[in-house]
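Examination of the molecular architecture
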Amino acid sequence: MRKKIKTTLVYIASNIIYQLPPVLLLPFLTRYLSQADYGIVTLFTKMTALLLPICTLGIKLVTKKGFYWHNKNDFSIFFTTALLLPFISLPIVGIALWLMGDKITQWWGYPVQWLWAIPVFVACRHAFLLGLDQFRALKKPLQYALFKNGAALLEIGITVLLITTYNMTYDGRILGIIAAKMLFALLALGWLWTMGQWRWGFNLDFARHIAAEGLRALPILVASVAFKLLDTFLVAYYLGNDATGIYGLALRVASAVALVQTGLLLATQPALMEQLSKPKENKTSTKIAQYLLLEWLLFVFAAVVLAWVVVPIIFPYYIDAKFNDAITLLLPLSLGLVLLGIAQSLSTFFVFLDNIDRST
């Protein structure tokens, strides 16, 4: 029990530390970037978030399940296959973005010369997330925290350097995000390699299985991500980059409100999946459902208090005045992010629940 509590606290602290550097960077970014610049950065993060499940075919969730369903030797190839498979689709996505470049700029105001950064970052983030998930599955919270928070800190350092030394704006922020994820993805994969968790190889049977599982879940994944991102693209289309910058800043602050929720979900999800992946009586799912309900109620209460009372008091002293319109958006966005986090844990519950159904 003591070990579980320690692991939970490490994940919660790790997630808070991971979210803090971008939040602490906001006074710097809101001073050096215009509303339009911040809007372009917001569009970059949202487009990569939308393309990640499409390019990776939902591999992230399939790989999580594969860890519990394969022995170590088989999983080492399974992991490598999952790592390499999206690189088949990424060049196609890059060509499609290039062909639609003028339209993307016309619709959302994203600069065409930076479209190349989207598939590159998707590839880096795919490898980085697989590595982090593997540390979680292996119950290595310290390594998880090291790589996750190291990437966040390096991202901030590169961003500040490029903006202040080389007079960059949104482009400095985008390059900082890409460089940090690329380096720490390589470091995480290298660490897992030394642990014998993956080795070179590509198994066609595993690839077919991953693709079949991923494609089955892909419509739900894409729909959920698109629903989460639709608001930003509508703001960009109808109101322009200035409004997108204000909205993006509000989203960043609202995500900070959900820190404890995200950390607790990251801490409890591996144990939940491990329990649901084993044949159990139906009471197991009932107990987990009761726990999740209590957890969700606490999340909603915390979001309301933080977004309605605490953050508005601090905001004017922390963010440049040109972004003050974001204050009115904090409460609805914070509640929305909390509800999306709840939906994520619920989707995991249902994905793994079918294993219980088959065993009864």
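Residues numbered from 1 in each chain as written. Predicted model: local features only at pLDDT ≥ 70, side-chain atom pairs only at ≥ 80, totals over all residues. Heavy atoms only, no water.

Moving on, we come to the overall build of the protein chain. Counting secondary structure elements, the protein chain contains 15 helices and 0 strands. By residue count, 51% of the 360 residues in the protein chain fall in the buried class. Counting every atom, the protein chain has about 17,300 Å² of accessible surface; 70% of that belongs to carbon and sulfur. (Helix = DSSP H or I, 4+ residues; strand = E, 2+ residues; numbered from the N terminus. Buried < 20%, exposed > 50% of the residue type's maximum accessible area, 1.4 Å probe, protein only. Areas by Shrake-Rupley, 256 points an atom, 1.4 Å probe, with all protein chains shown as cover.)

Bringing a nonpolar patch on the surface into the picture now. A grouping of Ile95, Trp98, Leu99, Met100, Trp107, Leu230, Leu234, Tyr237, Tyr238 and Leu239 is seen on the molecular surface, where their side chains present a nonpolar patch of about 1,200 Å² in accessible area. For the nonpolar patch, the elements supplying multiple residues, two or more each, are helix H6 (90-99) and helix H11 (204-239). Among the elements that make up the nonpolar patch, the one with the highest residue count is H11 (5 residues). Among the structural elements, Trp98 can be located in helix H6. Residue Trp98 is classed as exposed on the basis of its relative accessible area, which comes to 66%. (Patch = residues over 30% accessible without salt bridge, like charges linked within 9 Å, V, L, I, M, F, W, Y side chains within 5 Å. Salt bridge = Lys/Arg side-chain N within 4 Å of Asp/Glu carboxyl O.)

With that settled, consider unusual backbone geometry. We note that Lys139 has phi near 60°; this positive angle belongs to a residue other than glycine. Residue position: Lys139 is located in the loop between helix H8 (117-137) and helix H9 (141-165). Positive phi is not limited to glycine here, since Asn167 has a value of about 55°. As for its placement among the helices and strands, Asn167 is situated in the loop between H9 and helix H10 (170-194).

Going through the model one piece at a time under the given rule, you end up with 5 salt bridges. Salt-bridge contacts for Arg208 lead to Asp205; the nearest nitrogen and oxygen are separated by 2.9 Å. One end of the pair, Arg208, and the other, Asp205, are both in helix H11, 3 residues apart, so they sit about a helical turn from each other. No difference in accessibility class separates Arg208 from Asp205, as the two residues are exposed. Across the salt bridge formed by Lys322 and Asp320, the nearest N and O atoms sit 3.2 Å from each other. A relative accessible area of 30% places Lys322 in the partly exposed class. Residue Asp320 is classed as partly exposed on the basis of its relative accessible area, which comes to 30%. Salt bridges linked by common partners bring Glu155, Arg173 and Lys181 together as one network.

What the rule picks out here adds up to 17 aromatic pairs. Put simply, the rings of Phe75, Phe78, Phe79, Trp193, Trp198, Trp200 and Phe206 touch in pairs and so form one group of aromatic residues. (Phe/Tyr/Trp six-rings, centres within 6.5 Å; stacked < 30°, edge-to-face > 60°.)

Relative to the helices and strands, Thr244 is located in helix H12 (residues 241-257). The contacts of Thr244, once residues within four sequence positions are left out, are Gly39, Thr42, Leu43, Thr232, Val235 and Ala236. (Contact = heavy atoms within 4.5 Å.)

Below, the discussion takes up the packing of H11 against H12. Here H11 crosses H12 at 155°, and the two axes come no closer than 7 Å. One finds that H11 runs roughly antiparallel with respect to H12. Note on packing geometry: the crossing formed by H11 with H12 is right-handed. Every residue of H12 that contacts H11 at Asp231, Thr232, Val235, Ala236 and Leu239 is listed here: Asn241, Ala243, Thr244, Tyr247 and Leu251. Residue classes in the contact of H11 with H12 are distributed as 6 nonpolar, 3 polar and 1 charged. (Axes fitted to C-alpha atoms, helices over the stretch in contact; angles between N-to-C directions. Parallel < 35°, antiparallel > 145°, perpendicular 65-115°, else oblique. Left-handed = near helix turned anticlockwise from the far one by under 90°. Nonpolar A, V, L, I, M, F, W, Y, C, P; charged D, E, K, R; others polar.)

Turning to the nonpolar core, a few remarks are in order. A general feature of soluble globular proteins is that nonpolar side chains tend to end up buried together. Of all hydrophobic cores here, the largest spans 34 residues; its most connected members are Leu26, Leu29, Tyr38, Leu249 and Phe315. Considering each element in turn, this core owes the most residues, 9 residues, to H12. Core analysis: the second largest hydrophobic core is formed by 29 residues, Leu97, Ile104, Val122 and Ile174 among them. (Core = buried A, V, L, I, M, F, W, Y, C linked by side-chain atoms within 4.5 Å.)

For H6, every residue scored as buried is listed here: Leu90, Val93 and Leu97. The buried residues of H6 occupy an angular sector of 60° when projected down its axis, which confines them to one face. Across from the buried face of H6, at angles greater than 90 degrees, the exposed residues are Ile92, Ile95, Trp98 and Leu99. Looking at the buried side of H6, the elements it contacts are helix H3 (35-56), helix H7 (101-108) and H8. (Arc of directions from axis to C-beta.)

So, on to the environment of Leu153. As for its position among the elements, Leu153 is in helix H9. You can call Leu153 exposed: its relative accessible area is 52%.

Another aspect to go through is the environment of Phe44. Tracing the sequence through the fold places Phe44 in helix H3. Overall, the relative accessible area of 0% leaves Phe44 in the buried class. When the C-alpha atoms of Phe44 and Tyr110 are compared, they prove to be 7.8 Å apart, with 66 residues separating the residues in sequence. Once you skip the residues sitting within four places of it in the chain, Phe44 turns out to touch Tyr110, Ala117, Ile118, Phe121, Ile174, Ile177 and Ile178.

Turning our eyes to something else, we now look at helix H5 (residues 72-84). With 13 residues, H5 extends 18 Å from end C-alpha to end C-alpha; this agrees with the ideal 18 Å at 1.5 Å per step. Listed as buried for H5 are Phe75, Ser76, Ile77, Phe78, Phe79, Thr80, Thr81, Ala82 and Leu83. (Expected span 1.5 Å × (residues − 1).)

It is at 10 Å that the axes of H5 and H8 come closest, and there the two elements cross at 155°. Here H8 runs roughly antiparallel to H5, going by the angle between their axes. Viewed along their axes, H5 and H8 form a crossing whose handedness is right-handed. Across from Phe75, Phe79, Ala82 and Leu83 in H5, the residues of H8 making contact are His126, Ala127, Leu130, Gly131 and Gln134.

Function-wise, these values are silent; they only describe arrangement.
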